[in-house]
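Report on the structure
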Amino acid sequence: GSSHPWMRHVASELESRGVRVVTFDFPYMAEGRKLPDKGPVLEEAFARKWAEVAATTTGPMYAGGKSMGGRIASQVTARGGFAPIPSGLVFFGYPLHPPGKPEMRRDRHLPDITVPMLFIHGTKDPFGTREEMRELIDELPTSTLTIVDGGDHSLVTGRGKPVSGDLLDGVCRWMR
């Protein structure tokens, strides 16, 4: 959710680098429920927030998110649900498949996306191996993969450090 320490840290660090960040909570989070809403509800919530922000924004806009938030951003983009179209997508820990279930891939829609995509993935992320992510990237001509050595699904390394400043500097360079 938008008040989670991870989200607040990443948003604050990106903003300190000149990137305006808008976070929001999906309906189930705002209502205090544990189970996520169905895909169409999540997608509509993201598209609605995007339209609100776009109404007061000039210049390039990037969509993305952490885990499911990034996946939902990609699904909205793939179906043409964002107006204007994002300049690119940034995924912090894309959930390629549920942990231990590599046959349940969540990537069928990604080839439909034509905007640049940045996937940031930890080597210890149970939602996809480094090899699975590299294979995915090889199939998506507009995509870039940044690997966080030792990073988990939240890109936290074994040293317990939050997302590094160097990594976020790289995100900003990619956006430019």
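Structural data are supplied above this passage.
The structure presented is a predicted model; accordingly, all values stated were derived computationally and were not measured.

A short note on the packing of aromatic side chains
Remark: the centre distance and the inter-plane angle together describe each pair of aromatic rings, the angle taken between the planes. If you walk through the whole model with that rule in mind, you get 10 aromatic pairs. Centroid distance W6 to F92: 5.6 Å. Interplanar angle 75°. Geometry classified as edge-to-face. A residue pair is termed long-range when its members are at least 10 positions apart, and W6 in helix α1 (residues 5-16) and F92 in strand β2 (residues 88-92) qualify at 86 residues. Arranged with centres 4.6 Å apart and planes meeting at 35°, the rings of W50 and F82 form a pair that is tilted. Here W50, found in helix α3 (residues 39-54), pairs with F82, found in the loop between α4 (68-78) and β2; they are 32 residues apart in sequence, far enough to count as distant. Residue classification places W50 among the buried positions, given a relative accessible area of 6%. Clustering of aromatic rings is evident, with ring pairs tying together F24, F26, F46, W50 and F82. Cation over ring: K66 sits above W6, and NZ or CZ is 5.8 Å from the ring centre.

Focus: helix α6 (residues 165-175)
Residues of α6 that are buried: L167, L168, V171, C172 and M175. Viewed end-on, α6 has its buried residues packed into an arc of 145°, placing them on one side of the element. For α6, the exposed residues set more than 90 degrees away from the buried face come down to D166 and R173. The inward-facing, buried residues of α6 abut α1, β1 (62-66), β2, β3 (117-122) and β4 (143-148).

Let's talk about the layout of surface pockets
Approximately 1100 Å³ is the volume attributed to the largest pocket. Taken together, the residues that form the lining of the largest pocket break down as 25 nonpolar, 11 polar and 5 charged.

Some points on the nonpolar core
Among the nonpolar cores identified, the biggest contains 30 residues, and F26, F46, L110, M117 and F119 are the most heavily contacted of them. Every element with two or more residues in this core is listed here: α3, α4, β2, β3 and α5 (130-139). In terms of residue count, the dominant contributor to this core is α3 (7 residues). Excluding anything up to four places from it in sequence, M117 contacts L89, F91, L110, L140, T142, S143, T144 and W174. Counting residues in each nonpolar core, the second largest holds 16 residues, with L118, I120, V148 and M175 among its members.

Some thoughts on the environment of M104
Following the sequence through the fold, M104 ends up in the loop between β2 and β3. Relative accessible area serves as the criterion here: at 42%, M104 is assigned to the partly exposed category. Sequence separation between M104 and E135 is 31 residues; the distance between their C-alpha atoms is 16 Å. For M104, the contacting residues outside a window of four places in its chain are L96, H97 and P98.

Points about the side chain of D125
Position of D125 among the secondary structure elements: in the loop between β3 and α5. For the buried residue D125, which engages in no salt bridge, the nearest side chain bearing the opposite charge is K66, 6.3 Å off. Here the side chain of D125 touches F127 through a polar contact of 2.8 Å, landing on its backbone nitrogen. Setting aside its immediate chain neighbours within four residues, D125 contacts G93, G151, D152 and H153.

A look at the packing of α1 against α6
Where α1 meets α6, the closest approach of the two axes is 10 Å, and the angle between their N-to-C directions is 55°. With respect to α6, the axis of α1 lies oblique. Between α1 and α6 lies a crossing of right-handed hand. Here α1 contributes V10, E13 and L14 to the contact with α6, which in turn contributes L168, V171 and C172. Partitioning the contact of α1 with α6 into residue classes produces 5 nonpolar, no polar and 1 charged.

Rules of the game
- Here the residue numbers are simple positions, counted from 1 along each chain's written sequence.
- Totals for whole chains, interfaces and linings use every residue, but because this is a predicted model, local features are given only for residues with pLDDT of at least 70 and side-chain atom pairs only at 80 or more, for both listing and counting.
- The basis for every side-chain value is the complete set of heavy atoms in the structure, and neither hydrogens nor water enter the calculation.
- Two aromatic rings from Phe, Tyr or Trp, using only the six-membered ring of Trp, form a pair when their centres are within 6.5 Å; if the ring planes differ by under 30 degrees the pair is stacked, by over 60 it is edge-to-face, and anything between is tilted.
- A run of H or I in DSSP becomes a helix once it reaches four residues, and a run of E becomes a strand once it reaches two; helices and strands are each numbered from the N terminus.
- When accessible area is computed with a 1.4 Å probe and restricted to protein chains, residues below 20% of their type maximum are described as buried, those above 50% as exposed, and intermediate ones as partly exposed.
- We call a charge positioned above a ring when the Lys NZ or Arg CZ atom is no farther than 6 Å from the ring centre and deviates by at most 35 degrees from the ring normal.
- Working note: the arc is built from the helix axis to C-beta atom directions.
- Residue contacts follow a heavy-atom distance rule, with two residues in contact if any of their heavy atoms lie within 4.5 Å.
- A pocket here means an open set of points on a 1 Å grid, computed over the protein atoms alone, that has protein on both sides within 12 Å along at least five of seven lines. A cavity is instead a set of points where a 1.4 Å probe fits but cannot get out; residues with an atom within 4 Å of a point line either one.
- Grid points are joined across faces, edges and corners, and a volume is the space filled by probe spheres set on the points.
- Any residue that is not Ala, Val, Leu, Ile, Met, Phe, Trp, Tyr, Cys, Pro, Asp, Glu, Lys or Arg is counted as polar, Gly included; the first ten are nonpolar and the last four charged.
- Definition used in this section: a nonpolar core is a set of buried Ala, Val, Leu, Ile, Met, Phe, Trp, Tyr and Cys residues joined via side-chain atoms within 4.5 Å.
- Here Asp and Glu are counted as negative and Lys and Arg as positive; His is not counted, and neither are the chain ends.
- We count a salt bridge whenever a side-chain nitrogen from Lys or Arg sits within 4 Å of a carboxyl oxygen from Asp or Glu.
- Pairs of N or O atoms within 3.5 Å make up the polar contacts considered here, provided that, within protein, one atom can donate a hydrogen while the other can accept it, and that residues adjacent in sequence are counted only when both atoms are side-chain atoms.
- Where helices are involved, their axes are fitted lines through C-alpha atoms of the stretch in contact, as for all axes, and angles between N-to-C directions lie from 0 to 180°.
- Comment on the angle field: the value is read as roughly parallel under 35 degrees, roughly antiparallel over 145, roughly perpendicular from 65 to 115, and oblique elsewhere.
- With the far helix as reference, a near helix turned anticlockwise by less than a right angle produces a left-handed crossing, and one turned clockwise produces a right-handed crossing.

All we've got here are geometric facts, nothing functional implied.
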